Amino acid sequence: MESEPRIYAVRILPTFCTTVKTPMHVPFSTIDPKWQQYWADHHIHRVDDDHSKPKYYVLDMFPYPSGAGLHIGHPEGYTATDIVARFKRMCGYNVLHPMGFDAFGLPTERYSMTTGIPPAMATEANIATFKKQLNMLGFNYDWSREVNTTDPSYYRWTQWMFLLVYNSWFDEAQQRARPIAELPIPATITDPLDREAYIDAKRLAFIAYSPVNWCEALGTVLANEEVDEWKEKGYTVERRPMRQWMLRITAYAERLLNDLDGLDWPTSTVEMQRHWIGKSEGAEVRFNVDGTEHAISVFTTRPDTIFGATYLVLAPEHPLVEWIVSAEQRAHVALYRDAASMKSDLERTELAKDKTGVFTGAYAINPASGERVPIWVADYVLAHYGTGAIMAVPGHDARDHAFAREFGLPILQVVAPSDGTTVDILQEAFTDAGVNVHSANEQVSLNGRATSEAKETIATWIEAQGIGTRRVQYKLRDWLFSRQRYWGEPIPIMFFDDGTKRALDEDELPLVLPPVKEFKPSGTGESPLATVPEWVSFTDAKTGKHARFETNTMPQWAGSCWYYLRFCDPHNNETFCAPDKEAYWMGDSGVDLYMGGSEHAVLHLLYARFWHKVLYDHGLVHTTEPFKRVFHQGLIMGEDGRKMSKSLGNVVNPDDVVREYGADALRLYEMFLGPLEASKPWNTKGLDGISRFLNRAWRLIVNEEGTLSESVQPVPCTPEQDLVLHTTIKKTRVDIDALSFNTSIAQFMVFVNEFTPATIRPRVAMEQFVQCLAPFAPHVAEELWSVLGHTTSVFLSAYPEVDESKLVTSEVEIVLQVNSKIRGKMMVPSDADAATMEALAFAHPVLAAAMEGTTLRKKVIVPGKLVNVIVS
RNA sequence: GCGAGCGUGGCGGAAUUGGCAGACGCACUGGACUCAAAAUCCAGCGGGGUCAAACCCGUGGGGGUUCGACUCCCCCCGCUCGCACCA
């Protein structure tokens, strides 16, 4: 498109044809497809399983193939990994750089609801579009290893892994998953149904009836972490108790936390995972309810403040509420609990400015102080965390303080600042660590003890009294694993009329999704699968019993939990991945580089780590972690600095850019924008700059006829040229490992600026430059490599090596400073030692003049850098 | 509120262990080529100051460590992302 007007001008003014020098441009519209075809025909990107070479596994988070195709953000991470993959291959590594599609999910299903086009068909079309666009950008994926999560030959193994999880229990003592067959069953359990119930309760995949986030419009439940996303899109989500599959990820909380150490991940991502797991250490303490047999267990991280606990609070859902509530308060409490159940977790916290609650009419005995304290119900206490009940210490907890002030409950001070100052506990809670006061009974005194010591003392006392224990608590909750949707992996379990069930055996997998005509929700809160007669009513061949299949399907996260393993051995029909291939490609550290957006910093990465650990416990993988190094590419914003969106009209389409500037210009431009991890605005003018650079590089080597320029000669480099060349090689090698592509490209520009004025260009410099550039701009580099006379791909050549001797110059410029201010510069031999430097520098007029008539106080000499004299 | 990260020219951004701030690109200015324009090539481009130089100021603000700080430490301000009644 861009080149059209130029040609046009020549055509209408033919008389100027001979006089006007037509500047040469990279003919990208010819060479891009040419080399893409060449790579495909010659299998340049085919990964071999030659296990004698060192491996490098570089992985992109595979995309969801939406109908909209690639957006401009996709090529950013993909180009980065493409550069690394091509570079590592040129360095002699056997590189695995695969691509696939995470294609199950709601958007496709919703598209099918409105169009009637089956999701499998829509997915196929979308994937074709994505692949075409990915190839257009010249990425070096080995498509023979493509995976697609919706392909039965893939989800067969997703189902197999679900069953592996299902058939596991977590041995707390050994801190690992074990086969369910090894579960010890108490001898007292003899009834088969009781036995099954006991086993089911221990499985890592289990059915629970708990309040979930139901979205009527979507016809499915959502995970807690998904709620915000859909609410933003305008959907309403309500709390509803439903039958759900859960995965016991909480069993792995400690390992998921500990194994974060030693990962080469962004600090923010590690921190986010730590917070998500949310470990806190404290104590669980029992408070007896006055005048009853009941006791309320509370979890606290501040057992040292127990003497200041002036009331208890139960979550509205706490089962004990109805047992302890007094007759006169019963109506109030019931009203409050009903109101609370209508609110979602989100609404409870969003509207959390003012605390609400209601008195139960019951009292408990503070086991430390012996005081009788009122028991309240309030929704600022969450049912799912800790024990669903707290001891309120308004003197030393901001939330309890606000509640106590609202309802006129007593506030006691039991901790004072360590520095001896006083605080007004009635005005504001003192939540820092300090020294205990007013904290003693006949058996134990915390008075005068520092907070950390007081915690220990009281915890020991609590345990000695038999009223509680030390306890570790996590925020992490079990993973809600079922969706009431059609377009997901079927859960391979069938239920019989007698209340028993059966998981499919390995030889019965995959359990394939049945074709359906209607994708709308069944209307009963079940998935569209519930409307398929042969799905919910059939005779099981193995048992002869009448059965129905589970109608829930797995969430979209399932397929992405293990795809990195399938890439190691994508066509294996015997197992999900052959052990020797897993051992080779996953090596000692797993995926060597995993690139993807920070939106997956918590969930996907946590879920995948969890599955990996289950596999590890069963001896199916041999690394404890799947991803050694994770990197998040930043967002590319619109030209106006705002997030790209159709409604703002600031969206840049990669197809348009490739058509106008070529694939290499887009690749280089996105890498040159700024640091890979930063979010940065698009700037079309910057694309012109990159285009100019590519054209200048092109003209170093190619003449107007499109053949090798006469300026390229088989002569050695001058020392200056060698310095630039080897600086470029060195910088690129270092920068690629650091993923600092913007600075490598800047160095390429320096190289081109250096060689452009030269009339004789040493062939060796041109060749090595082309090799350096190749991972970044593969199409241009291949063409230049070919113009230079090579008949095989530049990617089969070895990346240039740095000759350190070429980086050493005979003289270096040093800085002369007087009182640390720069006063001059001079050249000295680069190997000059401190004494030589001093002698040369002191003879220099600038220093000589500065020191005249002054006293030398101090001299600082840094060889190769500077001479600094301090005078007065 | 808590956690993580970041503040450098008109703009995007560079700057091993503390050692010439502003590489490289964009924009802009001037010049060459051209009837003219585009393209290309050459030169300039933080602020003040000067005919020019010298010189002074300058990496969000304030303090500190150091011969020397964009870099290390403390306090403050601002921005981005994440979490948010988790007891």
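For the structure itself, look to the data block above.
Along each chain, residues carry numbers from 1 onward, in the same order as the chain's sequence is written. The order in which chains are written sets their letters, starting at A; the order in which ligands are written sets their numbers, starting at 1. The model is predicted, so local features are restricted to residues of pLDDT at least 70 and side-chain atom pairs to those at 80 or more, both for listing and for counting; the totals for chains, interfaces and linings are taken over all residues. With hydrogens and water excluded, all non-hydrogen atoms of the structure serve as input to the side-chain values.

Examining the sheet that holds strand 1 (residues 55-60)
Defined as follows: Any two strands with at least two DSSP-identified bridges between them are counted as paired. Only DSSP runs of H or I with at least four residues qualify as helices, and only runs of E with at least two residues qualify as strands; both kinds are numbered from the N terminus onward. Pairs of residues are marked as contacts when any of their non-hydrogen atoms sit within 4.5 Å. Angles shown run from 0 to 180 degrees and are taken between the N-to-C directions of axes, each axis being a line fitted to C-alpha atoms and, for helices, limited to the stretch in contact.
Spatial ordering of the open sheet is given by 2-1-24-25, a layout of 4 strands whose pairing is parallel. Looking at which strands have only one partner, the edges of the open sheet turn out to be strand 2 (94-96) and strand 25 (630-631). Judged from the 2 bridges that link them, strand 24 (residues 593-595) and strand 25 form a sheet pairing that is parallel. When the sheet's bridge partners are listed, Tyr 594 is paired in strand 25 with Val 630. Contacting strand 1, strand 2 and strand 24, helix 3 (residues 74-90) runs over the sheet at an angle of about 170 degrees to strand 1.

A closer look at the protein's contact with RNA strand B
Worth spelling out the cut-off: Whether a residue is near a molecule or strand depends on its heavy atoms: if one lies within 4 Å, it is near. Three categories are distinguished: nonpolar for Ala, Val, Leu, Ile, Met, Phe, Trp, Tyr, Cys and Pro, charged for Asp, Glu, Lys and Arg, and polar for the others, with Gly belonging to the last.
By nearness alone, 53 residues border RNA strand B, and Thr 301, Tyr 385, Arg 399, Lys 475 and Ser 820 come closest of all. For RNA strand B, the fraction of atoms within 4 Å of the protein that belong to sugar or phosphate moieties is 69%. Ranked by the residues each element gives to the surface near RNA strand B, the list is headed by helix 25 (residues 741-755), at 6 residues. Residues that form the surface near RNA strand B fall into these classes: 22 nonpolar, 15 polar and 16 charged.

Concerning helix 5 (residues 119-136)
Let me state the cut-off plainly: Helix span is expected to be 1.5 Å times the residue number reduced by one. Buried, partly exposed and exposed residues are distinguished by accessible area as a fraction of the type maximum, computed with a 1.4 Å probe on protein chains only: under 20%, between the cut-offs, and over 50%, respectively.
End to end, helix 5 covers 26 Å across 18 residues, agreeing with the expected 26 Å (1.5 Å per residue, within 8%). For helix 5, the complete set of buried residues consists of Pro 119, Ala 122, Thr 123, Asn 126, Ile 127, Phe 130, Gln 133, Leu 134 and Met 136. Phi turns positive, to about 75 degrees, at Gly 138, one or two residues after helix 5.

Some remarks on the environment of Gly 864
Structurally, Gly 864 can be placed in the loop between strand 32 (856-862) and strand 33 (866-871). Spatially, the C-alpha atom of Gly 864 lies 55 Å from that of Ala 450, the residues being 414 residues apart in sequence. Beyond its immediate chain neighbours, meaning those up to four positions away, Gly 864 contacts Val 812, Glu 813, Ile 814 and Met 837.

Description of the sheet that holds strand 9 (residues 238-247)
Read from one edge of the open sheet, 4 strands run 8-7-9-19, paired in antiparallel fashion. A single partner strand is all that each edge strand has here, and the edge strands are strand 8 (220-222) and strand 19 (479-480). Strand direction decides the pairing type here: strand 9 and strand 19, joined by 2 bridges, are antiparallel. Within the sheet, the bridge partner assigned to Leu 247 lies in strand 19 and is Trp 479.

Comments concerning the packing of helix 22 (residues 663-672) against helix 27 (residues 778-787)
Here is the rule: Put simply, angles under 35 degrees are roughly parallel, angles over 145 are roughly antiparallel, angles from 65 to 115 are roughly perpendicular, and the rest are oblique.
Two elements in contact, helix 22 and helix 27, have axes separated by 7 Å at closest approach and are oriented at 125 degrees. The pairing of helix 22 with helix 27 is recorded here as oblique in orientation. Where helix 22 approaches helix 27, its residues Ala 663, Asp 664 and Arg 667 are matched on the opposing element by Pro 778, His 779 and Val 780. Residue composition of the contact of helix 22 with helix 27, grouped by class: 3 nonpolar, 1 polar and 2 charged.

Focus on the pairing of strand 9
Pairing geometry for strand 7 (residues 205-215) and strand 9, over 10 bridges, is antiparallel. Within the sheet, the bridge partner assigned to Ser 210 lies in strand 9 and is Met 242.

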